[in-house]
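# Survey of secondary and tertiary structure
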Amino acid sequence: MSRILIAFLILLCIFFSACEKDDICVDGDTPLLIVRFYDAENPTEFKAVPGLRVVGVGNGFPVDTFGDRTSLDSISIPLKTIEALTEFTFITDSADDENGAETGNVDALGFTYETKQEFVSRACGFIVNYENLNSNFTTAPENWIQSLEIVKTTVRLETEETTAHVKVFH
């Protein structure tokens, strides 16, 4: 019995000694696009969007990186990693009517970019960074979004991911 226990302990030690430091992934997330909302009449002031919902075009589900239908002045949203275009519908005052249909003011907003894969570690594998970020937003009188500005054209995983990539004025 003791020989079996000793053999088990030796195998257990061999198993755990085979692990290396980079076998646990702690920093392997693809970065998110940070969007800040500003007052169009006072462009230096943040302005929360009431009842904000952001839906990815093509998947039909609200983005899950922030609370759905909340009032926020800053959000982080994912971009597609295998395509050069991600499109969203940004909805203010989002709600469901008695039939379950979406109500609110809907604006379409798309982002184009180039993807660059970066090897992080053996455990994390690759992440995708984005370069040459552009928008295909077209202003119209009925839009609640009056204009936008691309502040940073690269979306990279950084230690402090708090700076806005896009400013939306409404």
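Now for a quick tour of the structure. (Residues numbered from 1 in each chain as written. Predicted model: local features only at pLDDT ≥ 70, side-chain atom pairs only at ≥ 80, totals over all residues. Heavy atoms only, no water.)

Moving on, we get to the environment of alanine 123. The residue alanine 123 is located in the loop between strand 6 (102-121) and strand 7 (125-135) in this model. In sequence terms alanine 123 and isoleucine 24 are 99 residues apart; their C-alpha atoms lie 5.6 Å from each other. (Helix = DSSP H or I, 4+ residues; strand = E, 2+ residues; numbered from the N terminus.)

Right, let's talk about the nonpolar core for a bit. Counting residues in hydrophobic clusters, the biggest one holds 25 residues, and the most contacted among them are Leu33, Phe37, Val54, Ile75, Ile77, Phe90 and Phe111. Within the residue set of this core, elements represented by two or more residues are strand 1 (33-38), strand 2 (49-56), strand 4 (74-77), strand 5 (85-96), strand 6, strand 7 and strand 9 (166-169). Sequence-distant contacts of leucine 33, that is, excluding residues within four places in its chain, are made with Ile75, Ser76, Ile77, Leu79, Phe111, Leu133, Val155, His165 and Val166. (Core = buried A, V, L, I, M, F, W, Y, C linked by side-chain atoms within 4.5 Å. Buried < 20%, exposed > 50% of the residue type's maximum accessible area, 1.4 Å probe, protein only. Contact = heavy atoms within 4.5 Å.)

Spatially, 4-1-9-8 is the arrangement adopted by the four strands of the open sheet, whose pairing is mixed. Looking at which strands have only one partner, the edges of the open sheet turn out to be strand 4 and strand 8 (147-150). Strand-to-strand twist of the sheet, defined as the mean angle between neighbouring strand axes without regard to direction, takes the value 20°. (Pairing = 2+ DSSP bridges. Axes fitted to C-alpha atoms, helices over the stretch in contact; angles between N-to-C directions.)

With seven of eight residues buried, strand 2 is to be regarded as a mostly interior element. Sheet topology places strand 2 next to strand 3 (residues 70-72); two bridges connect them, and they run antiparallel. From the neighbouring strand, leucine 52 faces strand 3, where its bridge partner is threonine 70. In terms of strand pairing, strand 2 meets strand 5 through four bridges, oriented antiparallel. Bridging from a neighbouring strand, glycine 56 pairs with phenylalanine 88 of strand 5.

To continue, consider the sheet that holds strand 6. Ordered in space as 3-2-5-6-7, the five strands form an open sheet in which the pairing is antiparallel. Both edges of this open sheet fall to strand 3 and strand 7, since each of them pairs with a single strand only. Strand-to-strand twist of the sheet, defined as the mean angle between neighbouring strand axes without regard to direction, takes the value 50°. Of the strand pairs in this sheet, strand 6 and strand 7 are connected by nine bridges, and their pairing is antiparallel. Bridging across to strand 7, phenylalanine 111 finds its partner in serine 135.

Turning next to the pattern of salt bridges. Applying the stated criterion across every chain, the model contains seven salt bridges. Put simply, arginine 53 and aspartate 68 hold a salt bridge, and the shortest N to O gap is 2.5 Å. Within this pair, whereas arginine 53 is found in strand 2, its partner aspartate 68 is found in the loop between strand 2 and strand 3, the two being separated by 15 residues in sequence. Owing to a relative accessible area of 14%, arginine 53 belongs among the buried residues under this scheme. Exposure remark for aspartate 68: the relative accessible area of 34% places this residue in the partly exposed category. Between arginine 69 and glutamate 102 there is a salt bridge; the shortest N-O distance is 3.5 Å. Here arginine 69, found in the loop between strand 2 and strand 3, pairs with glutamate 102, found in strand 6; they are 33 residues apart in sequence, far enough to count as distant. Exposure remark for arginine 69: the relative accessible area of 27% places this residue in the partly exposed category. One network of salt bridges, in which partners are shared, links Arg53, Asp68, Arg69, Asp96 and Glu102. (Salt bridge = Lys/Arg side-chain N within 4 Å of Asp/Glu carboxyl O.)

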